[in-house]
Amino acid sequence: MTPVERTIRDVVIANRILALNNVLDAYGHVSMRHPERPDRYFLARSVSPAIVDIGDIVEFHLDGTPVDKDERRPLYLERFIHGGVYEKREDVKACLHSHADEILPFSISKTTRLRPVIHAVGDIGENIPVWDIADKFGDDTTLLVTNMDHGRDLAMCLDCNRMALMRGHGFVCVGRSINDLVRISVYIPRNARTQFAAMQMGEYKALSRGEIEARLALDPDAPAMRRGWEYWAKEAGCEHLL
Ligand SMILES: [Zn+2]
């Protein structure tokens, strides 16, 4: 199997895993950078993640244009999120955009920030910025990232962090590998639910800076960190693609 064939299969597996775990629903998407051409990435055509298959994966230039000029199928309107991030962050190999309900309150709260509060999400980092499309593009947008100006502005807000919330919309998360991205993304809504529940109980304790740094120092593709990928792929009916 070539590196490109492996990458296309991994994009399909990631879609199915993230749908199975309710990180993606009918909307939202996940991509991988091209393994041999860093100026390209792979992302599905406009299909719901739970039913994405190998034939749905499209190769894109970073500006969101399909490499195959004859590509006529509908494409995700918000694919510019991925190009914006890959253009700014050479270290990023995989990128996710999700609308998971659990994180939305933290995207609009003026007083409470999303924090890593459970161990599996420690490597999300200490700073989780909130991108507000209105800051640069005014208060009459659809809130959707529909061009490279939007995508680049979101990537600038993300900066060197693992994740950024998008006000009233969802979040973007990045990974050093697809396994790294999928593992942390499965736990991000669980982390938000835990923080929200703890807030109802009163004061709570988030991970310390030292704990976050210790989690960030772990090898994201060590066997123990890949255990979820294999398990979820089988649960999602993708064992034949591993
Ligand atoms: Zn969206």
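Before going into details, it helps to say that this report is about the structure given with it. (Residues numbered from 1 in each chain as written. Predicted model: local features only at pLDDT ≥ 70, side-chain atom pairs only at ≥ 80, totals over all residues. Heavy atoms only, no water.)

### As for the side chain of R215
Then, in step 1: Tracing the backbone through its elements, the reader meets R215 in helix α7 (residues 209–216).
Then, in step 2: Although buried, R215 forms no salt bridge, and the nearest oppositely charged side chain, D123, lies 4.7 Å from it.
Then, in step 3: A distance of 3.1 Å separates a polar atom in the side chain of R215 from the backbone oxygen of H119. (Helix = DSSP H or I, 4+ residues; strand = E, 2+ residues; numbered from the N terminus. Buried < 20%, exposed > 50% of the residue type's maximum accessible area, 1.4 Å probe, protein only. Lys, Arg positive; Asp, Glu negative; His and termini not counted. Salt bridge = Lys/Arg side-chain N within 4 Å of Asp/Glu carboxyl O. Polar contact = N/O pair within 3.5 Å; in protein donor to acceptor, adjacent residues only side chain to side chain.)

### Focus: the coordination of the zinc ion
Then, in step 1: The zinc ion binds to the protein through E78 (OE), H97 (NE2), H99 (NE2) and H169 (NE2), with metal-donor distances spanning 2.0 to 2.1 Å.
Then, in step 2: Coordination at the zinc ion is irregular: its four donor atoms span angles of 94 to 140° at the metal.
Then, in step 3: Donor residues binding the zinc ion come from one chain and are separated in sequence as E-x18-H-x1-H-x69-H.
Then, in step 4: For H97, a relative accessible area of 0% corresponds to the buried category.
Then, in step 5: Look at H99 and you get partly exposed, because its relative accessible area is 21%. (Donors = N, O, S within 2.8 Å, 3.2 Å for Na, K, Ca; no water. Tetrahedral: all angles 85-135°; square planar, octahedral: opposite > 155°, others 65-115°.)

### Regarding the sheet that holds strand β2 (residues 40–44)
Then, in step 1: Pairing in this open sheet of seven strands is mixed, and the strands run β3-β2-β1-β4-β7-β6-β5 from one edge to the other. With partners counted over all chains shown, the strands left at the sheet margins are β3 (57–61) and β5 (130–131), one partner each.
Then, in step 2: Across five bridges, β2 lies against β3 in antiparallel orientation. The residue of β3 that forms the bridge with A44 is I57. (Pairing = 2+ DSSP bridges.)

### Observations concerning helix α6 (residues 178–201)
Then, in step 1: Here α6 is 24 residues long and its end C-alpha atoms lie 35 Å apart, about the 34 Å a rise of 1.5 Å per residue gives.
Then, in step 2: A bend of about 30° at I188 is the largest found in α6, and the proline P189 appears one to four places after it. (Expected span 1.5 Å × (residues − 1). Bend = angle between axes of the 7 residues up to and from the residue.)

### A few points about the nonpolar core
Then, in step 1: Formed by 68 residues in total, the largest nonpolar core has its most connected members in L96, M163, F171, I178 and V182.
Then, in step 2: Ignoring anything within four residues of it in the chain, the contact list for M163 reads L114, I124, N127, I128, P129, L158, F171, V172, C173 and I188. (Core = buried A, V, L, I, M, F, W, Y, C linked by side-chain atoms within 4.5 Å. Contact = heavy atoms within 4.5 Å.)

### Examining the environment of D63
Then, in step 1: Along the chain, D63 falls in the loop between β3 and α2 (80–88).
Then, in step 2: Engagement of the side chain of D63 in a polar contact is seen with the side chain of T65, the distance being 2.7 Å.

### Considering the pattern of salt bridges
Then, in step 1: Applying the stated criterion across every chain, the model contains 18 salt bridges.
Then, in step 2: Of the charged contacts in the structure, one is a salt bridge between R167 and D132, with a shortest N-O distance of 2.7 Å. Of the two residues, R167 sits in the loop between β6 (163–166) and β7 (170–175) while D132 sits in the loop between β5 and α4 (133–137), which places them 35 residues apart along the sequence.
Then, in step 3: One network of salt bridges, in which partners are shared, links D123, R162, R176, D180 and R183.

### Details of the packing of aromatic side chains
Each pair of aromatic rings is reported with the distance of its centres and the angle of its planes.
Then, in step 1: Tallied over the entire structure, the rule returns three aromatic pairs.
Then, in step 2: With centroids separated by 5.3 Å and ring planes inclined at 20°, the aromatic side chains of Y41 and F60 adopt a geometry described as stacked. Of the two residues, Y41 is situated in strand β2 and F60 in strand β3; the sequence distance between them amounts to 19 residues.
Then, in step 3: Here Y41 falls in the buried class, since its relative accessible area comes to 0%.
Then, in step 4: F60 gets classed as buried once you look at its relative accessible area, which sits at 0%.
Then, in step 5: Ring centres of Y41 and Y86 lie 5.5 Å apart, and the angle between their planes is 35°; on these two criteria the pair is classed as tilted. Here Y41 is found in strand β2, whereas its partner Y86 is found in helix α2, with 45 residues between them in sequence. Across the pair, Y86 and Y41 agree in class, each one buried.
Then, in step 6: Of the aromatic side chains, those joined through ring pairs into one cluster are Y41, F60 and Y86. (Phe/Tyr/Trp six-rings, centres within 6.5 Å; stacked < 30°, edge-to-face > 60°.)

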